[in-house]
Amino acid sequence: MRTAAVLNIHPRTLDYRIRRTHDLLGFHPATARGVRLIGAGIARALVPRSN
């Protein structure tokens with residue numbers, strides 16, 4: 001409830017997005033492993049590509 005409130009979305013919307021992420025990526029984003037994987041993906045996306 002608090003996370004949904006901070007994100008300014010309905011709690012069911014948050015549940016849907018977590019389920020959808022699980023379905024698309026094949027891991028649960030709310031676990032420690034999921035947080036690490038998503039964080040690594042974001043970090044990789046933010047690193048400038050070298051030529």
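Here is a short report on the structure shown in this document. Keep in mind it's a predicted model, so treat the numbers as computed, not measured.

### Some words on the overall build of the protein chain
In step 1: Along its length, the protein chain carries three helices and zero strands.
In step 2: The secondary structure elements of the protein chain, listed N-terminal to C-terminal, are α-α-α.
In step 3: In summary, the protein chain has a C-alpha radius of gyration of 14 Å against a globular reference of 10 Å for 51 residues, an excess of more than 25%.
In step 4: Principal axes of the C-alpha set define a box for the protein chain whose edges measure 45 × 25 × 20 Å.

### Looking at unusual backbone geometry
In step 1: Phi is positive for Asn-8, which is not a glycine, with a value near 60 degrees.
In step 2: Overall, the relative accessible area of 70% leaves Asn-8 in the exposed class.

### What about helix H2 (residues 11–25)?
In step 1: The end-to-end C-alpha distance of H2, which contains 15 residues, comes to 21 Å, matching closely the 21 Å that a straight helix rising 1.5 Å per residue would cover.
In step 2: Phi turns positive one or two residues past the end of H2, at Gly-26, with a value near 85 degrees.

### Thoughts on the environment of Ile-42
In step 1: Positionally, Ile-42 belongs in helix H3 (residues 32–46).
In step 2: A sequence separation of 16 residues divides Ile-42 from Gly-26, and the C-alpha atoms of the two residues are 17 Å apart.

### Side note on the environment of Arg-44
In step 1: With respect to the secondary-structure elements, Arg-44 resides in helix H3.
In step 2: Accessibility expressed as a relative area gives 71% for Arg-44, which makes it exposed.
In step 3: C-alpha separation for the pair Arg-44 and Phe-27, spaced 17 residues apart in sequence, amounts to 18 Å.

The rules behind these values
- Residues numbered from 1 in each chain as written.
- Predicted model: local features only at pLDDT ≥ 70, side-chain atom pairs only at ≥ 80, totals over all residues.
- Heavy atoms only, no water.
- Helix = DSSP H or I, 4+ residues; strand = E, 2+ residues; numbered from the N terminus.
- Rg over C-alpha atoms; globule rule 2.2 N^0.38 Å.
- Buried < 20%, exposed > 50% of the residue type's maximum accessible area, 1.4 Å probe, protein only.
- Expected span 1.5 Å × (residues − 1).

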